[in-house]
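Spelled out, the chains give:
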Amino acid sequence: MIDDSLYKSLDEKILLEADSGLFDRSRQKSSRSKADLFELLLAVELNQYYKLPYLDLEIEMKKLISKIMDFKDGFVRIEEQKNRVKFLLPFLVKELDKLIITDGKPIEVRWIGRKWQTNKTLSDINIKFFSGKNIGISTKSTRSGKGTQKNIGLKELKRFLGLDIDKELIKMKNDIILELADKNKELKEISKRGIFFIKKNKYKYSIIQTVGKKYGIPLQQLAVKESVKKFNGLSLNKKKDFLEFIFGIKDSELLLNVLVSGKHVEIYWNKSLDELVSSNLMAVSEGDKGYQIVSDGKKIVRIQVNFTNGIGISAFCERAFL
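Residues numbered from 1 in each chain as written. Predicted model: local features only at pLDDT ≥ 70, side-chain atom pairs only at ≥ 80, totals over all residues. Heavy atoms only, no water.

A. Seen up close, the nonpolar core. Counting 46 residues, the largest nonpolar core has Phe242, Ile246, Tyr291, Ile293, Val301 and Phe316 as the members making the most contacts within it. Here this core gets 8 residues from one element, more than from any other, and that element is helix H10 (residues 207-232). Ranked by size, the runner-up nonpolar core spans 34 residues in total, among them Leu40, Leu64, Leu88 and Ile125. (Core = buried A, V, L, I, M, F, W, Y, C linked by side-chain atoms within 4.5 Å. Buried < 20%, exposed > 50% of the residue type's maximum accessible area, 1.4 Å probe, protein only. Helix = DSSP H or I, 4+ residues; strand = E, 2+ residues; numbered from the N terminus.)

B. The environment of Ile293, seen in detail. Considering the arrangement of structural elements, one finds Ile293 in strand E8 (residues 290-295). The exposure class of Ile293 is buried, given its relative accessible area of 0%. On a C-alpha basis, the gap between Ile293 and Val228 in space is 8.8 Å, while along the polypeptide they are 65 residues apart.

C. Region of the structure containing a nonpolar patch on the surface. Taken together, the side chains of Met69, Phe75 and Val76 present a nonpolar region at the surface, about 310 Å² in accessible area. Mapped onto the elements, Phe75 comes out in helix H4 (residues 74-103). (Patch = residues over 30% accessible without salt bridge, like charges linked within 9 Å, V, L, I, M, F, W, Y side chains within 5 Å. Areas by Shrake-Rupley, 256 points an atom, 1.4 Å probe, with all protein chains shown as cover. Salt bridge = Lys/Arg side-chain N within 4 Å of Asp/Glu carboxyl O.)

D. Molecular detail of the pattern of salt bridges. A complete count under the given rule lists 10 salt bridges for this structure. For Arg77, the salt bridge goes to Asp73, with nearest N and O atoms at 3.2 Å. Assessed through its relative accessible area of 8%, Arg77 is described here as buried. Note that Lys183 is salt-bridged to Glu179, the shortest N-O span being 3.5 Å. Lys183 sits in the partly exposed class, given a relative accessible area of 27%. Residue Glu179 is classed as buried on the basis of its relative accessible area of 17%. What you see here is one network of salt bridges that share partners, running through Glu179, Lys183 and Lys214.

E. Inspection of H4 at higher detail. Taking the largest bend as the criterion, H4 deviates by roughly 40 degrees, centred on Leu89, and proline Pro90 comes between one and four positions later. One or two positions beyond H4, positive phi appears at Gly104, with a value near 75 degrees. (Bend = angle between axes of the 7 residues up to and from the residue.)

F. Focus on the confidence of the model for the chain. Summary statistics for the chain give a mean pLDDT of 83 and a share of 86% for residues scoring 70 or more. In this model, residues 1-29 is a region of pLDDT below 50 whose contacts with residues beyond four sequence positions or in other chains number 41 contacts. (pLDDT = per-residue confidence, 0-100. Contact = heavy atoms within 4.5 Å.)

Laid out in structure tokens, this is it:
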């Protein structure tokens, strides 16, 4: 039996459960904002180190810091990213300075920001050297683990795997809309405006996430099963194409991957990931939420079958982790 409180609005819950923290608005905090800040701080530091202009980046950074300060733990988040950038900088500069010997000093350090979505690149920061050489830097700042290597949308999953779940997605969304519309007057009005508006209200009405999971989890399970089947049915070249897409090898041969996890730093060129790919590739299910891609018996990529921001009520995707 579902608790009646699930149907109440956020404001009602705050009145009933004041200071409980259960429905704190800080739950809406964005990990993307934290990642953006890390990238911006690093781009500013690199510009300062190589004595390049960065006024436009400082303006962006101040805007973003102001936004993050709205979160309950905003100050902690900001200081955490500042400390990670300071820790990373000497290691990164040491690697970049190797290129100066053959290509001269950097003449431009540019933050890509969210343009990676339209540019279809893994690069967060681009650096141009005096010789004309361009390299990209893909950054990850985590408390543990390696973070997401690649978000793979449905369009790319169709292209590389042949995964087609369009009919199932449409049915899932219609089922969610119909069930929510039957709950109460407020949810009926929200449902009339479609799945995007339903998602916008997921924190206001917890029942939205409950219903989303009810219909989203079976689709998640189906997608895992189909993804494994589709990958294992591909030719070796098609399998390698999918992995090269995940690694970013075809995006840019000059992509430098930079990971800061706690007090651990990893820096490597994306071309080195090619060594992980053998002629014996297969996908192995890891249960209802994902699968592994195995090369000669060694697990090289873990893929989480997911929704971008809420099961059943946001865009379907698969997330790849090294």
